[in-house]
Amino acid sequence: MAFNSELARLLEHPAIWRGTSVARAEVLSSGFGALDERLPSGGWPRSGLIELLVSRFGVGELTLLLPILAALTSAPLARSCVWVAPPFEPFAPALAAHGVALERVLVVRVPAAHKRNRRGSLDGILWAFEQSLGSGACDLVMAWAKRPRSKEVRRLQLAAERGRTLGVLFRPLQAARESSHAVLRMAIEPSAYGVRVNLLKSKGGVRGSVEINLLAAGSGA
Amino acid sequence: MSNGPRTRKIDARVVRLPAAPTSLRSVDTQQEPADSPELWVGAHIHALKGEATLETLATRAQRFTPRVSLVPPDGLVLEVKGSLHLFNGTEGLIRAFRQDCDVVAVESAIALAPTPLAAMVAARVGKPFVVTNEAQLVGRLTSLPLTPLRWPDDVVQRLARMGVRTIGQALRLPRAGFARRFGPAHLSELDRLTGRNADLRHHFQPRERFRRRRELTYEMENDATILAALAPMLADLGKFLEARQCGITDLECRLWHRHAPPSLCVLRLAAPLADVARLTELLGERLNALVLPEPVRSCELRSGLPVLRVLSCDPLWQPGEYGGSAGPESPQLVERLRARLGHEAVYGLQMLPGHRPEQAWSMREPVLASSAGVGARGPGGTGARGPGGQDANASGGPGEHGAGGPSALNGAQPGPRSPKLVAPWGAFRRPLWLLPAPQQLEELEGAPLRRGSLRFFGDVERIETGWWDGGEIGRDYYTVFDIYGVQLWIFRERAEPHRWFLHGMFG
């Protein structure tokens, strides 16, 4: 991946499109410099599905998304930000303190009574996730699903592209072994002052891990 | 001989016409008495075909005038004086009315008269009858028989024995004697017929809500076939709403069974909707989720009150494209999710004033894209605001939106600061996740445990409030890390027995 500067400059030409790069894709800064450097095109993709694999719920995965949550919800002409089946109640005052415009936030609960088979509420969660992604009414859709099948993740990815929506799927770390159609997969583990983000799959970007200091950035207000 | 002066008068008018047009009016009024202040169309309905009713015709007739009255069981009168010019006079209006009768499949006879009763009676006779001024009315009525007045048989027979068979003969009878013999009611009816007394009628009010029931030809169990059976009623609903330029926010579908009480399927919409295809789609989702105890024998649709619909224009850009906002997609998404998951499943969040974490927020009805007032924040585009949002935490808010965290530290009162509230707890951190209810933690020698020992971090915050409404709390909140590196928000009761609870996670 080492190009000399001459070649790199040439490749910056907008008419040149390379398969390994999605440089022209619209991205949003993650708010963390170290992470931006590793992410393809320097930020979260504007549309598509990304997977965040967490060792334990609450290690800091939501804090990692707070900057774009704030940026997306408070932008002019912002669309909704949907939370599908969050495990607890999103605490509105904390979100507002981080600059999230609450009027854009929509929480979708999938009732347990909606069980159709042994997969419990998973079908309902995936349905709501896909509807939200594909509707075009959302900028960001986050979903907490235990174990969606690879085929279903593919559907979600297509829906996210159709609706020009960034979909974030939170999964347990064990899912890292399965293949996935998400454009970006990262494992998130706690470290001394924040989290260690391990990029497992990154379309057109570099793999590897990066330490992010959430405390220095002020994970809470 | 009587024609003599009349002809002369007309001649005189022809001569004078170009010279003095102002006098034309006076000549006109001399030649033809003034039109009556009212003109009524009476329609006598011979046959109602199909599902047509008097109400359907009355609803349709409201395009001529709001003064439509029903004369049950088979009549309709409408006052059309004000709208004659819109239909090119009486002929045009009669033609338009006949067309409407054809559309709703009603066969009727029509008459025009200055009083509603005269119009109705003449329509029942069935011969062409168009009288536009009051002076001619009595003259034209005299030859009509008495039967269309629909008086009781014995009255008509007694009148016939007296040799009174037409309206004219009845009008010629002495009033006092007529009233004594046949009752003042019939006399006053004659007065209303000729316009001597006012004829007050109730105006027809069309149904405000849509309500239609249909018996099914056979019992149905499959939701797809039920939806197909509902389709014609939904189409009617579409017409109903279109005529009113309204949408509905509530729709109730009742499915009746042989024994079991009717199943209810209620659709609540986030925004007024009049699109039949979307209503059908949403109702289909609802029916799909419905568990029927028995096959369905008949179904009924009931709408809520129609709401005036605001027609929107489509934006140039797709949502998400170059900053295109979500127009109708947002309410549509909410409705689709609610149709399947239930009304309570989708909600928004809002902050409430107060220090108690449980009462610092609440659910709310989702704010839909069109009404949310977040726009006009300068030419920021949809581009990322980048690390700006992050700075909010440390240094007093990102400036442009007022809910920045520690900016509230400077003596801000807990109270509404439009449009957002400012967190009143200053520099203290709040977790992103709140447990629905505090979860008691195990203890080991007074220290809390959760999946192992906990590492304390940062300051302690005391929240002691709520004594005025019975929901008093006294807690010391701590931020801790568990052995997996998860940041937790726990508290210790101030009161005995000083138990430890987990209340939130920083995520």
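Residues numbered from 1 in each chain as written. Chains lettered and ligands numbered in written order. Predicted model: local features only at pLDDT ≥ 70, side-chain atom pairs only at ≥ 80, totals over all residues.

Brief notes about the overall build of chain A
A tally of helices and strands in chain A yields seven helices and eleven strands. Burial status across chain A gives 57% buried among its 221 residues. Taking as baseline every contact in chain A between residues at least 6 positions apart, the subset at least 24 positions apart corresponds to 65%. (Helix = DSSP H or I, 4+ residues; strand = E, 2+ residues; numbered from the N terminus. Buried ≥ 20, exposed ≤ 12 C-beta atoms within 10 Å, placed from the backbone. Contact = placed C-beta atoms within 7 Å.)

Concerning the overall build of chain B
Broken down by element type, chain B carries 14 helices and 20 strands. The proportion of buried residues among the 507 residues of chain B is 31%.

Focus: the sheet that holds strand β18 (residues 473-481) of chain B
Taken in spatial order, the six strands of this open sheet run β5(A)-β14(B)-β20(B)-β19(B)-β18(B)-β17(B), and their pairing is antiparallel. Where the open sheet ends on each side, the last strands, each with one partner, are β5 (89-90) of chain A together with β17 (455-465) of chain B. As defined by bridge partners, β5 of chain A adjoins strand β14 (residues 433-440) of chain B across two bridges and the pair is classed as antiparallel. Across the sheet, residue P90 of chain A finds its bridge partner in β14 of chain B, namely W433 of chain B. (Pairing = 2+ DSSP bridges.)

A few points about helix α3 (residues 54-61) of chain B
Counting along an α-helix, one turn takes 3.6 residues, and residues three or four places apart therefore face a common direction. Residues and elements named next belong to chain B. For α3, the full list of buried residues reads L57, A58 and A61. Summarising the axial view, the buried residues of α3 lie within an arc of 100°, below the 170-degree limit, and thus occupy one face. In this structure, the buried residues of α3 make contact with β2 (68-71), β3 (75-79), α4 (89-103) and β4 (106-113). (Arc of directions from axis to C-beta.)

As for the nonpolar core
Among the nonpolar cores identified, the biggest contains 127 residues, and V84, V108, I125 and I188 of chain A are the most heavily contacted of them. The element contributing the most residues to this core is helix α3 (residues 61-74) of chain A, with nine residues. Each of two domains, domain 3 (211-308) and domain 4 (433-505) of chain B, supplies a minimum of three residues to this core. Not counting the four nearest positions on each side in its chain, V84 of chain A is found in contact with V108, I125, A128, F129, S132, V141, M142 and A143 of chain A. The next biggest cluster of nonpolar side chains, apart from the first, holds 42 residues, and it includes A58, A118, V131 and L137 of chain B. (Core = buried A, V, L, I, M, F, W, Y, C linked by C-beta atoms within 7 Å. Domains from an automatic or database assignment.)

Overview of the confidence of the model for chain B
All names here are of chain B. When pLDDT is averaged along chain B, the result is 78, and 78% of the positions lie at 70 or above. A low-confidence stretch, residues 1-31 stays under pLDDT 50, and its non-local contacts, those more than four residues away or across chains, total five contacts. The model gives residues 370-420 a pLDDT under 50, and that stretch makes 99 contacts with residues more than four places away or in other chains. Predicted complex metrics record ipTM = 0.85 and pTM = 0.61. (pLDDT = per-residue confidence, 0-100.)

Remarks on the packing of helix α11 (residues 223-244) of chain B against helix α12 (residues 276-289) of chain B
Residue and element names in this part refer to chain B. Two elements in contact, α11 and α12, have axes whose closest approach is 10 Å; the angle formed by their N-to-C orientations is 150°. Looking at the two axes, α11 sits roughly antiparallel to α12. Seen from above, α11 lies across α12 with right-handed handedness. Every residue of α12 that contacts α11 at D223, I226, L227, L230, A231, L234, A235, L237 and G238 is listed here: V276, L279, T280, L283, G284, L287 and N288. The class makeup of the residues in the contact of α11 with α12 is eleven nonpolar, four polar and one charged. (Axes fitted to C-alpha atoms, helices over the stretch in contact; angles between N-to-C directions. Parallel < 35°, antiparallel > 145°, perpendicular 65-115°, else oblique. Left-handed = near helix turned anticlockwise from the far one by under 90°. Nonpolar A, V, L, I, M, F, W, Y, C, P; charged D, E, K, R; others polar.)

Some words on the sheet that holds strand β10 (residues 346-351) of chain B
Read from one edge of the open sheet, ten strands run β11(A)-β10(A)-β9(A)-β3(A)-β8(A)-β7(A)-β4(A)-β6(A)-β10(B)-β11(B), paired in mixed fashion. Strands at the two margins of the open sheet, each flanked by one partner only, are β11 (208-212) of chain A together with β11 (361-364) of chain B. Ignoring strand direction, the axes of neighbouring strands in this sheet form an average angle of 25°. Strand direction decides the pairing type here: strand β7 (residues 138-144) of chain A and strand β8 (residues 166-172) of chain A, joined by five bridges, are parallel. Bridged to V141 of chain A within β8 of chain A is G167 of chain A. Its contacts with the sheet place helix α6 (residues 150-162) of chain A against β3 (48-54) and β8 of chain A, and it is angled at close to 130° to β3 of chain A.

A closer look at unusual backbone geometry
All names here are of chain B. With an omega of 5°, the peptide bond running from P72 to P73 counts as cis. Within the element layout of this structure, P73 appears in the loop between β2 and β3. Of note, the amide linkage connecting E496 to P497 takes the cis form, showing an omega dihedral of 0°. Tracing the backbone shows P497 in the loop between β19 (487-493) and β20 (500-505).

Considering the environment of K151 of chain A
Checked against the element boundaries, K151 of chain A lands in helix α6. On a C-alpha basis, the gap between K151 of chain A and S180 of chain A in space is 8.5 Å, while along the polypeptide they are 29 residues apart.

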